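Secondary and tertiary structure notes
Each chain is listed here by its residues.
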Amino acid sequence: CFYPIAECQPHCENETMVPVLTSKKASELPVNEVACALQADLQFGLTREEITRRRTYHGWNEFDISEEEPLWKKYISQFKNPLILLLLASAVISVLMRQFDDAVSITVLCSASFQEYRSEKSLEELGKLVPPECHCVREGRLEHLLARELVPGDTVCLSVGERVPADLRLFEAVDLSVDESSLTGETTPCTKTSAPQPAATNGNITSRSNVAFMGTLVRCGKAKGIVIGTGENSEFGEVFKMMQAEEAPKTPLQKSMDLLGKQLSLYSFGIIGVIMMVGWLQGKYILDMFTIGVSLAVAAIPEGLPIVVTVTLALGVMRMVKKRAIVKKLPIVETLSCCNVICSDKTGTLTKNEMTATHLFTSDGQHAEVTGVGYNNSGEVLLDGEVVHGFSNSSISKIVEAGCVCNDAVIRSNTLMGRPTEGALIALAMKMGLEGLQKEFVRLEEIPFSSEQKWMAVRVVHRTQQDKPGIFFVKGAYEQIIRFCTTYNSRGVALTLTHQQRELYQQQKSYMGTAGLRVLAFASGSEMGALTFLGLVGIIDPPRAGVKEAVATLISSGVAVKMITGDSQETAVSIASRLGLYTKGSQSLSGDEVDQMDIQHLSQIIVVFYRASPRNKLKIVKSLQNIGAVVAMTGDGVNDAVALKAADIGVAMGQTGTDVCKEAADMILVDDDFQTILSAIEEGKGIYNNIKNFVRFQLSTSIAALTLISLATLMNFPNPLNAMQILWINIIMDGPPAQSLGVEPVDRDVIRKPPRNVRDSIITRSLIVKILVSSFIIVCGTLFVFWRELRDNEITPRDTTMTFTCFVFFDMFNALSSRSQTRMVHEMGLCSNRMFCYAVLGSIMGQLLVIYFPPLQKVFQTESLSILDLLFLVGLTSSVCMVSEVIKKLERLRGGEKMADTDDFHDV
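Residues numbered from 1 in each chain as written. Predicted model: local features only at pLDDT ≥ 70, side-chain atom pairs only at ≥ 80, totals over all residues. Heavy atoms only, no water.

1. A short note on the overall build of the chain
A count of helical and extended segments in the chain gives 35 helices and 28 strands. Going through the 908 residues of the chain one by one, you find that 54% of them count as buried. For the chain, the share of sequence-separated contacts (at least 6 apart) that also reach a separation of at least 24 residues comes to 70%. Counting only carbon and sulfur atoms, one obtains 59% of the accessible surface of the chain, whose full area is about 39200 Å². (Helix = DSSP H or I, 4+ residues; strand = E, 2+ residues; numbered from the N terminus. Buried < 20%, exposed > 50% of the residue type's maximum accessible area, 1.4 Å probe, protein only. Contact = heavy atoms within 4.5 Å. Areas by Shrake-Rupley, 256 points an atom, 1.4 Å probe, with all protein chains shown as cover.)

Below is the structure:
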């Protein structure tokens, strides 16, 4: 094949640049026309000058990923949030009114941007892979260079174990088999040739048998090809461009915080308006009333909330790192608490993308099951529950021997070199301790596998008997192998193959095929026309360990799980059935059917989508989002990247996932463990509950403090608390006790609870009731103490000390009851949250110092209290916790009555 550049020179006299050929067009053209169109010399390669010229026009063979957003921009972007804008306004007003303590809290928000920056840096470290290299012919020499240096028209050489560096139109292919699962989802490697294809047969990317696509893996054989597409002009790049065009949706927590910010703004303006109106009616100066109103509104805004949210999310991210999951953006951790649909890719996600023998049927009718997954020796061969090892069962060992000897694959350090189906047979031999059989035979002759004949045969002789003619071992499709057989093996004896036996084997083969297994038949003998049939082996890419249990837990907690794969219907349904996804009444849908359906009509009962393209996957995700679902998408291949970015939560596999996939995802499972998603959902639900706990505590304390000061101001009462005491309460309100609510341990039962409704506000009706009840008790209790101490109508240090201490103790008991909205204090355990214990003890110690330490007594205008005073205050203030516990008990009783209705709702 020699097509000199000179032959094509007339086409480029005007210095027009070489066009990029699409893979569809290139597959239709003969090789000489492709070479001419690209002005290439297949044997000599391109010259240095030509390479430089083409690179100037086409660019490097890589993807133009947008530059990392600077840290200062991430910090500035924090202030786009309505709640942050409200706080910023309150901070400015606080500075103007010389209340500097409130203003300082805003600066702490930079921890959010820093934590996100750290998380994204962790992703960057994960994505630092060895730059892909390739072998390329240039100026007549075979060179070893980086794949990014390739240009259209380059000649590339491929061999076993290499990744294809660019889209190639093959012009030489020797027994070439390419694994395209990362691009198409197809588990079975594609056999490649160099012959041109008619336009009518190459419409689908999987049918272009003379094109090797960028990012796919050479499993077997060798080849040469001409580069037709690099970087974003490759099929890989098309998916990448679709992904970049897709906007990541806003998370439910961000929406909830936006709504909370708007609600608090509304309430704040309401407070200012009411106080100004009442003061104006009383004849007071309007400016004085405005100053008081703004002060109260600023005090009412929980400036600690963004800090608590950030710290809570950051701690969740750190806990997820320990569970081998990297979260790229903080709010994503909480988003999983709302997730009610998980769309999962099959190959490499629910399964390991490693073909495994799972079933054996011997020619004398024995059924054996094989355990373990992947290219390793973990697992056993079980016959009626008994382990079969070595040559303990001759019928099984003969099948394993044939599969091991008639084999070109090698497994080293759990890594396969060769075809996946052959790797499964080597792994089967390893499980029985027979992998050494391959070395005991000398190969005399080989008839290689081809897609036309669908079988492979070797003639071998044992190393100790090299003077003998040898024996044939044959494997392949059952219909082809049975034609060579005249006898069958029955416990070591060759019996004549009857019509009834053939029928039995055909039935067994059909049964294994309908179960989604790829069936191989085996035979051996001294002549190819008179072989002895040995049996059948069923091979499949089986589910990962633990996935079935994780799927069952997700479904029981109200999360629907759907499988979207590029694989065949039989394989997809088989895996879905094994995982408990596909049951009676379930339906499956092909990618072509998805294309024809309206986006609104993708039924809820469809749990398996097969032969799905990247565009199909995107349409499915969008259709689910349109009906209000919060969708998580898991995947590992390039074909998953677009849907990963469009989903509310994109989850990529860390080990088997492609770089494009990780770039698109929000979360990366470092160990590719699907069960980690369960931990993430637990974490998300726990984080949201902790944020609600904090909001409840801070708003109930704020409202109580506001009400006290407002009543005193509007009714001309003496102020029950002085300025320093109010400042101390504000520190406690936003300080350690409040912050420690954000680190409350996750309740392990939370995974069984249904996902929260994304439309629900953080401030629900139930929470408002608890906030108002707690505020009412705190206000009434504090006013009672103030009234009790103020009998002489003079405010003394003792009066304010009792009132001040009463309010602080109310705060502590309120924080204790706010640790959970559903669980009682004794169920959680007093010391389960050590940070909370330290914070409360520290606050109480601080309060005692304020009461009993003379220098602080002068600052806070307090005096010492007796032990009886303290006991009285503890008894009174514990009432807020007791009433809260009673409310929880009543809610639980009412919830039990509605349980049956809730179950019916989730069934629907």
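2. Details of the packing of aromatic side chains
What the rule picks out here adds up to nine aromatic pairs. Ring geometry for Y478 versus F533: centroids 6.0 Å apart, planes at 85 degrees, classification edge-to-face. Here F533 lies in strand β22 (residues 531–540) and Y478 lies in helix α18 (residues 478–481), a separation of 55 residues in the sequence. When the ring of F784 is compared with that of W787, the centres are 6.1 Å apart and the planes differ by 35 degrees; the resulting orientation is tilted. Separated by three residues within a single helix, F784 and W787 lie in helix α29 (residues 765–789), roughly one turn from each other. Given the relative accessible area of 36%, F784 is considered partly exposed. For W787, a relative accessible area of 56% translates into the label exposed. Through a chain of ring-to-ring contacts, three or more aromatic side chains come together here, namely F361, Y478, Y488, Y505 and F533. (Phe/Tyr/Trp six-rings, centres within 6.5 Å; stacked < 30°, edge-to-face > 60°.)

3. Topic: unusual backbone geometry
At D384, a residue that is not glycine, the phi angle is positive and equals roughly 55 degrees. Assessed through its relative accessible area of 72%, D384 is described here as exposed. The phi dihedral of K454 is positive, around 60 degrees, even though this residue is not glycine. Structurally, K454 is set in the loop between β16 (441–447) and β17 (455–462). With relative accessibility at 43%, the residue K454 sits in the partly exposed group.

4. Looking at the side chain of D666
Position of D666 relative to the elements: it lies in the loop between α25 (659–664) and β28 (667–669). Nearest to the buried, unbridged D666 among oppositely charged side chains is K328, at 6.2 Å. Ignoring anything within four residues of it in the chain, the contact list for D666 reads I326, V327, K328, K329, I332, A647, D648, I649 and G650. (Lys, Arg positive; Asp, Glu negative; His and termini not counted. Salt bridge = Lys/Arg side-chain N within 4 Å of Asp/Glu carboxyl O.)

5. Observations concerning the UniProt feature "transmembrane region" (unreviewed entry) in the chain
Within this structure's numbering, the places UniProt gives as "transmembrane region" (unreviewed entry) are residues 264–283, 289–318, 767–787, 799–816, 836–853 and 865–887. The straight-line gap between the two end C-alpha atoms of residues 836–853 is 25 Å; of that span, 94% is helix and 0% is strand. Secondary structure content for residues 865–887 is 87% helix and 0% strand, while the C-alpha to C-alpha distance between its ends is 33 Å. (UniProt positions renumbered as here; feature names shortened; annotations may be inferred.)

6. Thoughts on a nonpolar patch on the surface
Judged by side-chain polarity, M277, W280, L281 and I286 come together as a nonpolar surface patch covering roughly 480 Å² of accessible area. No other element matches the three residues that helix α10 (residues 252–281) contributes to the nonpolar patch. In this structure M277 comes out as partly exposed when scored by relative accessible area, which is 46%. (Patch = residues over 30% accessible without salt bridge, like charges linked within 9 Å, V, L, I, M, F, W, Y side chains within 5 Å.)

7. Some details on the packing of helix α30 (residues 797–817) against helix α34 (residues 867–877)
Where α30 meets α34, the axes come as close as 9 Å, and the angle between the chain directions of the two elements is 40 degrees. Judged by the angle between their axes, α30 and α34 are oblique. Pair α30 / α34 crosses with right-handed handedness. Between α30 and α34, the residues in contact are R798, M802, T805, C806, F809, F810 and F813 and D869, L870, F872, L873, V874, L876 and T877, respectively. Of the residues contributing to the contact of α30 with α34, the split by class is ten nonpolar, two polar and two charged. (Axes fitted to C-alpha atoms, helices over the stretch in contact; angles between N-to-C directions. Parallel < 35°, antiparallel > 145°, perpendicular 65-115°, else oblique. Left-handed = near helix turned anticlockwise from the far one by under 90°. Nonpolar A, V, L, I, M, F, W, Y, C, P; charged D, E, K, R; others polar.)

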